[in-house]
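Structural description and commentary
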Amino acid sequence: MGKLGKISTIKRDYSSNSQLQTMQSELSRNNMTRIPGTGVFKYPYKELDGQYRTGLDAKAAYIQRISDPTEKEMEIERVTNLREKLESALGDIDLSPRSKFWNYGLSLSTDDVTHVQSVKLLDGDNYFDLSVPFQELAFSWLRVHPTIASSYQAWERGEYAADIQFYIVDEDIESGIVFKKKQLINKAIVKFDSMTPEKKRKVARLLGLPVSEDSKEEIVYNQVDNMLKQSEFKSGTFQGLNPVEVFNRFADMKENLLHIKDLVKQAINHSVYRIKPTGKVYEGDYEIASDEEALVKFLADDDNQEDLIVLEQKLKTKKIAAV
């Protein structure tokens with residue numbers, strides 16, 4: 001037997017002190033979730049657009065909804081490689097998401113290999129021998145089934161409904177994701193270390209951190225370091241986005257553009273400019289740009305360098321007056 005895929009039952013704690021003893025609490029006391037021998041049949045999930053969620057489609061809707069870029073990249077690579085492997089092993093079977101193969105209703109018997117078979121999940125651990133193509137195929141679509149949590153931790157975090165009964169046990173994928181994320185974080189920290197103190201402040205300000213020209217380098221470093229280790233921005237302009245991805249956007253930016261973006265951001269923070277609810281940029285009562293990005297583009301134009309110099313002087317004056 002080769003490598004095994006594993007789907008386990010989520011164990012729930014039913015209080016034995018409850019006056020009303022239920023079947024579920026009695027089963028729980030015996031470390032079970034259902035009557036021995038009974039199980040739940042699973043079939044490939046069909047999306048609203050008519051495509052089946054196969055676990056083999058790199059363009060699947062569930063992949064497009066993955067917000068974390070590292071997880072999305074790894075999932076695309078995984079399903080692409082797995083599909084190539086299974087298509088090679090299974091020959092003429094069409095594994096595309098609209099294939100009739102996934103319509104279990106067309107299966108003539110449990111031996112019909114031209115159509116997918118249902119899978120009965122029992123209480124406890126359910127194993128799949130991934131060296132057997134049809135078992136690996138079954139595990140591929142079960143792994144992405146919406147009624148099976150991607151991990152026990154994902155279920156605990158509330159990413160799945162409370163009444164979900166099963167979860168995927170795949171330590172290799174979990175470890176791989178954690179490893180890749182740590183690599184990206186460490187690379188970002190090394191990149192930040194190599195910057196001049198001035199550039200560090202600019203990048204930190206653009207990330208929304210409270211950094212001024214007087215902020216000590218160790219304070220700036222600690223703030224950025226803590227931010228990079230977060231899973232996502234909790235608030236602000238970049239809410240919901242991956243901190244490493246946003247950091248790299250600014251870290252890799254050309255120096256002149258980074259300077260102008262930082263300058264505009266500081267000008268807004270020091271009330272040289274005001275952003276109205278519409279997104280338009282005002283100086284006093286006059287509209288000067290349709291939005292912040294348009295103002296950056298204007299100041300980056302070689303023909304408008306005098307305006308850039310004027311803004312630098314206005315900001316300098318504001319800072320002196322604020323002391």
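Owing to the predicted nature of the structure, the values given are computational and were not obtained by experimental measurement.

**Overview of the overall build of the protein chain**
- Assigned secondary structure in the protein chain consists of 12 helices and 11 strands.
- Scaling as 2.2 N^0.38, a compact globule of 323 residues should have a C-alpha radius of gyration of about 20 Å, whereas the protein chain reaches 28 Å, well beyond that.
- Residues counted as buried form 37% of the 323 residues belonging to the protein chain.
- Long-range pairs, those at least 24 residues apart, make up 56% of the contacts in the protein chain with a sequence separation of at least 6.
- Accessible area for the protein chain stands at about 19200 Å²; split by element, carbon and sulfur atoms hold 52% of it.
- If the 45 positive side-chain charges of the protein chain are averaged to one point and the 51 negative ones to another, these points end up 2 Å apart.

**Considerations on the packing of helix α10 (residues 255-269) against helix α12 (residues 305-322)**
- Running from amino to carboxyl end, α10 crosses α12 at an angle of 45°, the nearest separation of the two axes being 10 Å. By the angle between their axes, α10 is oblique relative to α12. Considering how the two elements wind past one another, α10 and α12 form a crossing that is left-handed. Only L308, L311, E312, L315 and K319 of α12 make contact with α10, whose side of the interface consists of H259, I260, L263, Q266 and A267.
- For the contact of α10 with α12, the class distribution of residues is six nonpolar, two polar and two charged.

**Topic: helix α8 (residues 217-228)**
- Under the 1.5 Å per step criterion, the end-to-end length of α8 is 16 Å for 12 residues, consistent within 8% with the ideal 16 Å.
- Every buried residue of α8 is accounted for by V220, V224, D225, M227 and L228. Looking straight down α8, one finds that the buried residues subtend no more than 165° of arc, so they occupy a single side.

**Some words on the pairing of strand β5 (residues 119-122)**
- By the alternation rule, side chains of β5 split into V119 and L121, which are all buried, and K120 and L122, of which none is buried.
- Of the strand pairs in this sheet, strand β2 (residues 39-42) and β5 are connected by four bridges, and their pairing is antiparallel. Looking at β5, one finds that F41 is bridged to K120.

**A short note on a nonpolar patch on the surface**
- A cluster of nonpolar side chains, namely F41, Y43 and Y104, defines an oily patch on the protein surface of about 290 Å² accessible area.
- Within the secondary structure layout, Y104 lies in the loop between α3 (69-90) and β5.

**A word on the sheet that holds strand β6 (residues 125-129)**
- Read across the sheet, four strands follow the order β6-β1-β8-β7 without closing on themselves; strand pairing throughout is mixed. Where the open sheet ends on each side, the last strands, each with one partner, are β6 and β7 (148-149).
- Relative to β6, strand β1 (residues 4-9) runs antiparallel, the two being bridged by five bridges. The residue bridging L4 from the neighbouring strand is D129, located in β6.
- Where helix α4 (residues 133-143) meets the sheet, it contacts β1, β6, β7 and β8 (166-169), and its direction lies at approximately 130° from that of β6.

**So, the packing of aromatic side chains**
- Using the criterion set out here, one finds nine aromatic pairs in the structure.
- Pairing F101 with W102 gives two aromatic rings, centres 5.0 Å apart and planes at 80°, and the pair type is edge-to-face.
- Plain terms: the ring middles of F233 and F238 are 5.5 Å apart, the flat faces sit at 50° to each other, and that makes the pair tilted. Note on accessibility: F233 and F238 belong to one class, buried.
- Linked through ring pairs, Y152, W155 and Y167 together constitute an aromatic cluster.
- Between the NZ or CZ atom of K200 and the centre of the ring of F192, over which it lies, the distance is 5.6 Å.
- A cation sits over an aromatic face here: K276 above Y282, 4.4 Å from the ring centre.

**Some points on the packing of α3 against α4**
- Running from N to C, α3 and α4 cross one another at 150°; their axes reach a closest spacing of 10 Å. Regarding the angle of α3 to α4, the classification is roughly antiparallel. Crossing angle aside, the handedness with which α3 passes α4 is left-handed. Along the contact surface, α3 presents E75, R78, L82, K85, L86, A89 and L90, while α4 presents P133, F134, E136, L137, S140 and R143.
- Grouping the constituent residues of the contact of α3 with α4 by class yields seven nonpolar, one polar and five charged.

**Focus: the confidence of the model for the protein chain**
- Per-residue confidence for the protein chain gives a mean pLDDT of 87; residues scoring 70 or more make up 90%.
- When the criterion is pLDDT under 50, residues 16-20 qualifies, and its contacts beyond four places in sequence or with other chains add up to one contact.

**Looking at the pairing of strand β11 (residues 286-289)**
- Across three bridges, strand β10 (residues 281-283) lies against β11 in antiparallel orientation. Directly across from Y282, in β11, lies its bridge partner E287.
- Taking the residues between adjacent antiparallel strands as the criterion, β10 and β11 are bridged by two residues, where G284 takes a positive phi near 65°.

Rules and cut-offs
Residues numbered from 1 in each chain as written. Predicted model: local features only at pLDDT ≥ 70, side-chain atom pairs only at ≥ 80, totals over all residues. Heavy atoms only, no water. Helix = DSSP H or I, 4+ residues; strand = E, 2+ residues; numbered from the N terminus. Rg over C-alpha atoms; globule rule 2.2 N^0.38 Å. Buried < 20%, exposed > 50% of the residue type's maximum accessible area, 1.4 Å probe, protein only. Contact = heavy atoms within 4.5 Å. Areas by Shrake-Rupley, 256 points an atom, 1.4 Å probe, with all protein chains shown as cover. Lys, Arg positive; Asp, Glu negative; His and termini not counted. Charge placed at Lys NZ, Arg CZ, Asp CG, Glu CD. Axes fitted to C-alpha atoms, helices over the stretch in contact; angles between N-to-C directions. Parallel < 35°, antiparallel > 145°, perpendicular 65-115°, else oblique. Left-handed = near helix turned anticlockwise from the far one by under 90°. Nonpolar A, V, L, I, M, F, W, Y, C, P; charged D, E, K, R; others polar. Expected span 1.5 Å × (residues − 1). Arc of directions from axis to C-beta. Pairing = 2+ DSSP bridges. Patch = residues over 30% accessible without salt bridge, like charges linked within 9 Å, V, L, I, M, F, W, Y side chains within 5 Å. Salt bridge = Lys/Arg side-chain N within 4 Å of Asp/Glu carboxyl O. Phe/Tyr/Trp six-rings, centres within 6.5 Å; stacked < 30°, edge-to-face > 60°. Lys NZ or Arg CZ within 6 Å of the ring centre and 35° of its normal. pLDDT = per-residue confidence, 0-100.

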